[in-house]
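Residue strings, one per chain:
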Amino acid sequence: TMQSSGHRFRDVEHHPLLADNESYDSSSSSSEADMAERVWFIRDGCGMVCAIMTWLLVVYADFVVTFVMLLPSKDFWYSLINGVLFNCLAVLALSSHLRTMLTDPGAVPKGNATKEYMDNLQLKPGEVIYKCPKCCSIKPERAHHCSICKRCIRKMDHHCPWVNNCVGEKNQRFFVLFTMYIALISAHALVLCGFQFFSCVRGQWTECSDFSPPVTVILMIFLCLEGFLFLTFTAVMFGTQIHSICNDETEIERLKSEKPTWERRLRWEGMKSVFGGQPSLLWINPFAGFRIRRLLLRGKKGGPEFSV
């Protein structure tokens, strides 16, 4: 502990006193504004491999559903309806994945624990503020340091390698949508596999698929295994996330059994704070708030930001 400008300054890892909506000084605001103009991306080898694997597995499922099961079917409307539905869900799932991965989860500016910043906070004498000893930033309430992102993240829930990013204050909505859509396409793929197996067995594997029966069986077995594993994982994660949002509690806070020093929101208020505004179709739309023009301007202003 050291004295500075009449207030106490501590290097600790949790229980900060600054609120999430605490206003920053002009230098911090410009720093955050500059950060907002750059694309967020984490250079983590494991995370990038997991993110690529996620895309490849979805593409594999789409290939099997489209070319092994639906296109060879003689029922035109069955193929059309299920093909459009499955591909729409796949696009929504991958879009949610991209937005989770490329959205700043709520990173606190690095190195803002300066005397000038402290003076501009206009703290009362004896008031305690907390600094992260790892990234030298003033920690807002409920922020935690991520050793992979190497930043303090506001309302950090956890770091997910499958999206190569932390799940925090600004991207939790997209992560929830990602788990929901992956669970839906996994369930859809399993149902289609069931119908396809029944159809192939009844037709004695003749004209069942454009592929040979052994190849068809192998492709569908792998799809069933993938669908079952993804459905189990994402459904549990989706339920956990909704429970955390309704209880206004992050996974880290739950695991650490931290007593809330903040005023917890009511369940419905928690949902509205994460998904934004009153319930509407925008809640399940991963494209809501996305601006292509803004993304192009970001690229011209300084290119992507790679966290270190």
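These numbers were taken from a predicted model, which means no experiment stands behind them.

Chemist: In this structure, what is going on with helix 3 (residues 76-102)? I would like to understand it.
Modeler: Each α-helix winds once per 3.6 residues, and so residues spaced three or four apart point in a common direction. If you check helix 3, its first and last C-alpha atoms are 38 Å apart, about what 27 residues at 1.5 Å a residue would give, namely 39 Å. The backbone nitrogen of Trp77 has a side-chain oxygen 3.3 Å away, supplied by the residue at the start of helix 3, namely Asp75.

Chemist: For this particular structure, what's the right way to read the layout of surface pockets?
Modeler: Think of a ball as big as a water molecule: rolled over the atoms, this probe shows where empty space is left. Taken as a whole, the second largest pocket encloses approximately 420 Å³ of empty space. The wall of the second largest pocket is formed by 16 residues, among which Ser73, Lys74, Gln196, Ser199 and Arg202 lie closest to the centre. No other element matches helix 5 (residues 172-202), which puts six residues into the lining of the second largest pocket. Of the residues contributing to the lining of the second largest pocket, the split by class is seven nonpolar, five polar and four charged.

Chemist: I would appreciate a short explanation of the UniProt feature "transmembrane region" (unreviewed entry) in the protein in the present structure.
Modeler: As recorded in UniProt, the feature "transmembrane region" (unreviewed entry) lies at residues 45-70, 76-94, 174-197 and 217-238. With 100% helix and 0% strand, residues 76-94 has end C-alpha atoms that lie 27 Å from one another. For residues 174-197, helix accounts for 100% and strand for 0%, while the C-alpha atoms at its two ends are 34 Å apart.

Chemist: What is the right way to read the packing of aromatic side chains from this model?
Modeler: Evaluation of the coordinates by the stated rule reveals six aromatic pairs. Relative to Phe178, the ring of Phe175 has its centre 6.5 Å away and its plane inclined at 45 degrees; by these criteria the two rings are tilted. One end of the pair, Phe175, and the other, Phe178, are both in helix 5, three residues apart, so they sit about a helical turn from each other. For the pair shown, Phe175 and Phe178 are each scored as buried. Consider the rings of Trp268 and Trp283, whose centres lie 5.9 Å apart with planes at 45 degrees: the pair is tilted. With Trp268 in helix 8 (residues 267-275) and Trp283 in the loop between helix 8 and helix 9 (292-301), this residue pair connects regions lying 15 residues apart in the sequence. Look at Trp268 and you get partly exposed, because its relative accessible area is 47%. Of the aromatic side chains, those joined through ring pairs into one cluster are Phe63, Phe67 and Phe211.

Chemist: Please clarify how the environment of Gln172 should be interpreted in this entry.
Modeler: For Gln172, the position within the fold is in helix 5. Exposure remark for Gln172: the relative accessible area of 9% places this residue in the buried category. Leave out the neighbours within four places in its chain, and Gln172 touches Asp157, Val167, Gln241, Ile245 and Val274. At 2.9 Å, the side chain of Gln172 forms a polar contact with the side chain of Gln241.

Chemist: Help me out: how do you make sense of a nonpolar patch on the surface in this one?
Modeler: Taken together, the side chains of Phe63, Phe67, Leu71, Phe211 and Val215 present a nonpolar region at the surface, about 430 Å² in accessible area. With respect to the secondary-structure elements, Phe211 resides in the loop between helix 5 and helix 6 (213-246).

Chemist: Honestly, the side chain of Ser96 in this entry has me stumped. Any pointers?
Modeler: Considering the arrangement of structural elements, one finds Ser96 in helix 3. For Ser96, a relative accessible area of 0% gives the class buried. From its side chain, Ser96 meets the backbone oxygen of Leu92 in a polar contact 2.8 Å long. Ignoring any residue separated from it by four or fewer positions in sequence, one finds Ser96 in contact with Phe174, Leu177, Phe178, Tyr181 and Pro286.

Chemist: Any chance you could explain the packing of helix 6 against helix 8 here in plain terms?
Modeler: Packed helices, taken two at a time, are described by the angle their axes make and the gap between the axes. In the contact formed by helix 6 and helix 8, the axes pass within 7 Å of each other and the chain directions differ by 115 degrees. What the angle tells us is that helix 6 and helix 8 run roughly perpendicular. Taken together, the residues of helix 8 that come into contact with helix 6 (itself represented by Ile242, Ile245 and Cys246) are Arg267, Gly270, Met271, Val274 and Phe275. Partitioned by chemical class, the residues of the contact of helix 6 with helix 8 number six nonpolar, one polar and one charged.

Chemist: What am I meant to see in the nonpolar core here?
Modeler: It is characteristic of soluble globular proteins that their nonpolar side chains tend to be buried jointly. Ranked by internal contacts, the top residues of the largest apolar core, which has 37 residues, are Val65, Met69, Phe175, Ile182, Leu223 and Phe275. Not counting residues within four places of it along the chain, the set of residues in contact with Phe275 comprises Arg173, Val176, Leu177, Ile245 and Trp283. Membership of the second largest hydrophobic core comes to nine residues, among which are Trp40, Ile42, Cys146 and Ile153.

Chemist: What's the story with empty space enclosed by the protein in this structure? I'm lost.
Modeler: Under the counting rule described, the total for this entry stands at three cavities of 30 Å³ or more. Space inside the largest cavity adds up to approximately 90 Å³. Lining the largest cavity are Val58, Ala61, Phe86, Ile182, Ile185, Ser186, Ala189, Leu223, Glu226, Gly227 and Phe230. When contributions to the lining of the largest cavity are tallied by element, the ones reaching two or more residues are helix 2 (45-70), helix 5 and helix 6. Split into classes, the residues belonging to the lining of the largest cavity amount to eight nonpolar, two polar and one charged.

Chemist: Looking at this structure, how should I read the environment of His158?
Modeler: Residue position: His158 is located in strand 7 (residues 158-160). Each C-alpha atom, one on His158 and one on Thr250, is 8.1 Å from the other, the two residues being 92 residues apart in sequence. Those residues within four positions of His158 in sequence are excluded, and the remaining contacts are Cys166, Val167, Phe175, Met237 and Gln241. Among the polar contacts listed, one links the side chain of His158 to the side chain of Asp157, at a separation of 2.7 Å.

Basis of the calculations
- Residues numbered from 1 in each chain as written.
- Predicted model: local features only at pLDDT ≥ 70, side-chain atom pairs only at ≥ 80, totals over all residues.
- Heavy atoms only, no water.
- Helix = DSSP H or I, 4+ residues; strand = E, 2+ residues; numbered from the N terminus.
- Expected span 1.5 Å × (residues − 1).
- Polar contact = N/O pair within 3.5 Å; in protein donor to acceptor, adjacent residues only side chain to side chain.
- 1 Å grid on protein atoms, 1.4 Å probe; cavity = no way out; pocket = protein on both sides within 12 Å on 5 of 7 lines; lining within 4 Å.
- Points joined across faces, edges and corners; volume = space filled by probe spheres on them.
- Nonpolar A, V, L, I, M, F, W, Y, C, P; charged D, E, K, R; others polar.
- UniProt positions renumbered as here; feature names shortened; annotations may be inferred.
- Phe/Tyr/Trp six-rings, centres within 6.5 Å; stacked < 30°, edge-to-face > 60°.
- Buried < 20%, exposed > 50% of the residue type's maximum accessible area, 1.4 Å probe, protein only.
- Contact = heavy atoms within 4.5 Å.
- Patch = residues over 30% accessible without salt bridge, like charges linked within 9 Å, V, L, I, M, F, W, Y side chains within 5 Å.
- Areas by Shrake-Rupley, 256 points an atom, 1.4 Å probe, with all protein chains shown as cover.
- Salt bridge = Lys/Arg side-chain N within 4 Å of Asp/Glu carboxyl O.
- Axes fitted to C-alpha atoms, helices over the stretch in contact; angles between N-to-C directions.
- Parallel < 35°, antiparallel > 145°, perpendicular 65-115°, else oblique.
- Core = buried A, V, L, I, M, F, W, Y, C linked by side-chain atoms within 4.5 Å.

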